[in-house]
Amino acid sequence: QVQLVESGGGLVQAGGSLRLSCAASGRTFSSYGMGWFRQAPGKERESVAAINWSGGSTYYASSVKGRFTISRVNAKNTVYLQMNSLTPEDTAVYYCAAGPSSGLYVFKSQYDYWGQGTQVTVSS
């Protein structure tokens, strides 16, 4: 079992930045890849970014590439999502997820464990 707790969401003006954190417990953190997803009202949950166990491989959705950065500190059992140049289209509940093993996983069906989500609201 893996427990995931997100934090760092909030209200920010367009053009601003936020850093989300996801603290993991229950399994050796460095043994699995992690991902960030988001879900806006009335929309499907979509992949935002993913990272493998070491941080050596990452993936970004085209809509966030160049603005968001995923990273992890295995010694702190934490994965981060730095979000810059935010727009109202980034407004959503953001979820972190833990994959089944050490690889890079893009699709939500590949993930075993999910956090409860944190709300990000970007005002225009």
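Our structure's up above, just so we're on the same page.
Computed from a prediction, not measured in an experiment: that's the story for all the values here. (Residues numbered from 1 in each chain as written. Predicted model: local features only at pLDDT ≥ 70, side-chain atom pairs only at ≥ 80, totals over all residues. Heavy atoms only, no water.)

Draft legend 1. Broad picture of the overall build of the protein. For the protein, the helix and strand inventory stands at zero helices and eleven strands. Its helices and strands taken in sequence order, the protein reads β-β-β-β-β-β-β-β-β-β-β from the N to the C terminus. The C-alpha radius of gyration of the protein comes to 13 Å, within 12% of the 14 Å expected for a compact globule of 124 residues. Seen through its principal axes, the protein has C-alpha atoms that stretch 40 × 25 × 25 Å. Residues counted as buried form 43% of the 124 residues belonging to the protein. Counting only contacts in the protein whose residues sit at least 6 apart along the sequence, the fraction spanning at least 24 positions is 60%. Counting every atom, the protein has about 5900 Å² of accessible surface; 49% of that belongs to carbon and sulfur. Computing the positive centroid from 10 side-chain charges and the negative centroid from 6, the protein places the two 7 Å apart. (Helix = DSSP H or I, 4+ residues; strand = E, 2+ residues; numbered from the N terminus. Rg over C-alpha atoms; globule rule 2.2 N^0.38 Å. Buried < 20%, exposed > 50% of the residue type's maximum accessible area, 1.4 Å probe, protein only. Contact = heavy atoms within 4.5 Å. Areas by Shrake-Rupley, 256 points an atom, 1.4 Å probe, with all protein chains shown as cover. Lys, Arg positive; Asp, Glu negative; His and termini not counted. Charge placed at Lys NZ, Arg CZ, Asp CG, Glu CD.)

Draft legend 2. Just the environment of Glu 44, in detail. Its place among the elements puts Glu 44 in the loop between β4 (34-39) and β5 (46-51). Using a relative accessible area of 63% as the deciding quantity, one classes Glu 44 as exposed. Not counting residues up to four positions away in its chain, the partners in contact with Glu 44 are Arg 38, Gln 39 and Lys 108.

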